[in-house]
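# Observations on chain architecture
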Amino acid sequence: MTIDPKTLELLVRAAGAGQLGILVASALVPRVLDWRTALAPLPPQLRRLFWVYGVFIVLTITGFGLLTIFHARALAEGEPLARGLAGFICVFWGARLMVQFFVFDARPFLTNAWLRLGYHTLTAAFVALSLLFGWLALGPRG
Amino acid sequence: MMSLEFALKSAAAGQVVIAVLGSCIPRLLDWREDVARMPLLVREVFFIHMWFVSFTLGIFAVLTWRFAPVLAAGGNELGRWFAGALAVFWGVRCVMQWAHYSSSHWRGNPGRTAIHWALFLGYGAWAVAYAAAAGH
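To start, this report covers the structure provided alongside it.

## Concerning the overall build of chain B
For chain B, the count of helices and strands is six helices and zero strands. Reading chain B from its N end, one meets helices and strands in the order α-α-α-α-α-α. Seen along its three principal axes, the alpha-carbon backbone of chain B occupies a region of about 50 × 35 × 20 Å. Relative to its full complement of 136 residues, chain B shows a buried share of 27%. Long-range contacts, defined as pairs at least 24 residues apart, comprise 79% of the intrachain contacts of chain B with a sequence gap of at least 6.

Structure, rendered in structure tokens:
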């Protein structure tokens, strides 16, 4: 089975927008979990490291988003480096999906319908991104 | 082109080292008790972020090593983008080494001062190597 190149390119661009959308949702996390209060008792270096990790992951996802929006055609064409990058992004979102299912118990924080909707939308986005980039990494091209 | 390819492969090897060390930071800096005092969810976020950072650095390293000849040769659209993104990434990390961390963490302690400078120069060298690959 192959996917029409134009359709694949469109899907890749949509995935780019989706990844930047995930960043917007991520920006709410420190406030929802009240990181400022939770991290206040920690040694300053450990607190700073916590924020460095956050910046690192934001930069990585921003990179994924910009890559998939501005180089959608190259990713869809499937040259070796494109497949390598797609494989990387697939594994990244696949790992994030596993965290969603098996590590975090978000139920205590899903206190209203909007938070529940957001949580399940994120889960669906992680599934879709893993599948799409898995296809880009391994799928046949016409 | 051989020297740039070598520089990129060196950057890949260095990133593997940082990935491995990064996953052991609470033990290396004896932060286990401090981490244990975090609220459960924040502690989980801390460990997940730590593992994601190490894991991502590992994949940066694998891609850099595997595609170093392509990156060094230039002329590949995705290769230039990848190298440019990593140049920005390590450039930002280099600046953060001075701008984000207080010098009180290392000043007056020769061992920590050496680590601080080694990390700063290493991150800077990687940023330059990736920028060179992105620029042609």
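We are not done yet, so read on.
## As for the interface of chain B and chain A
Listed as interface residues are 35 residues of chain B and, on the opposing side, 33 residues of chain A. The set of elements that each furnish at least two residues to the side of chain B that touches chain A consists of helix 4 (40–73) and helix 5 (77–99) of chain B. If you tally residues by element for the side of chain B that touches chain A, the top one is helix 4 of chain B, at 16 residues. For the side of chain B that touches chain A, the class distribution of residues is 23 nonpolar, seven polar and five charged.

## Let's talk about the packing of helix 6 (residues 80–102) of chain A against helix 5 of chain B
Interhelical geometry of helix 6 of chain A versus helix 5 of chain B gives an angle of 40° and a closest axis separation of 8 Å. With respect to helix 5 of chain B, the element helix 6 of chain A is oriented oblique. Considering only the axes of helix 6 of chain A and helix 5 of chain B, their crossing is left-handed. Two secondary-structure elements touch here, helix 6 of chain A through L81, A82 and L85 of chain A and helix 5 of chain B through L78, G79 and F82 of chain B.

## Looking at the packing of helix 5 of chain B against helix 6 (residues 110–134) of chain B
A packed helix pair is summarised by two numbers, namely the angle formed by the two axes and the spacing between the axes. All names here are of chain B. Relative orientation of the contacting elements helix 5 and helix 6 amounts to 155°, with a least axis distance of 7 Å. Between helix 5 and helix 6, the angle falls in the class roughly antiparallel. As for the relative orientation of helix 5 and helix 6, their crossing is left-handed in sense. When helix 5 is examined against helix 6, the residues R80, A83, G84, L86, A87, W90, G91, R93, C94 and Q97 are found in contact with a partner set consisting of L119, F120, Y123, G124, W126, A127, Y130, A131, A133 and A134. Broken down by class, the residue content of the contact of helix 5 with helix 6 amounts to 14 nonpolar, four polar and two charged.

## With respect to the nonpolar core
Judged by nonpolar contacts, the single largest core of 57 residues is most densely connected at L85 and I89 of chain A together with L86, W90 and Y130 of chain B. Considering each element in turn, this core owes the most residues, eleven residues, to helix 4 of chain B. Ignoring any residue separated from it by four or fewer positions in sequence, one finds L86 of chain B in contact with F60 and Y130 of chain B.

## With respect to helix 1 (residues 5–26) of chain A
All names here are of chain A. The first and last C-alpha atoms of helix 1 sit 31 Å apart over 22 residues, in line with the 32 Å expected at 1.5 Å per residue. Every buried residue of helix 1 is listed here: L8, V12, A15, G16 and Q19. Projected onto a plane normal to the axis of helix 1, the buried residues spread over an arc of 100° and lie on a single side. Helix 1 presents K6, T7, A17 and V24 as exposed residues on the side facing more than 90 degrees away from its buried surface. Where the residues of helix 1 are buried, they touch helix 4 (44–70), helix 5 (72–77) and helix 7 (113–138).

Thresholds applied
Residues numbered from 1 in each chain as written. Chains lettered and ligands numbered in written order. Predicted model: local features only at pLDDT ≥ 70, side-chain atom pairs only at ≥ 80, totals over all residues. Helix = DSSP H or I, 4+ residues; strand = E, 2+ residues; numbered from the N terminus. Buried ≥ 20, exposed ≤ 12 C-beta atoms within 10 Å, placed from the backbone. Contact = placed C-beta atoms within 7 Å. Nonpolar A, V, L, I, M, F, W, Y, C, P; charged D, E, K, R; others polar. Axes fitted to C-alpha atoms, helices over the stretch in contact; angles between N-to-C directions. Parallel < 35°, antiparallel > 145°, perpendicular 65-115°, else oblique. Left-handed = near helix turned anticlockwise from the far one by under 90°. Core = buried A, V, L, I, M, F, W, Y, C linked by C-beta atoms within 7 Å. Expected span 1.5 Å × (residues − 1). Arc of directions from axis to C-beta.

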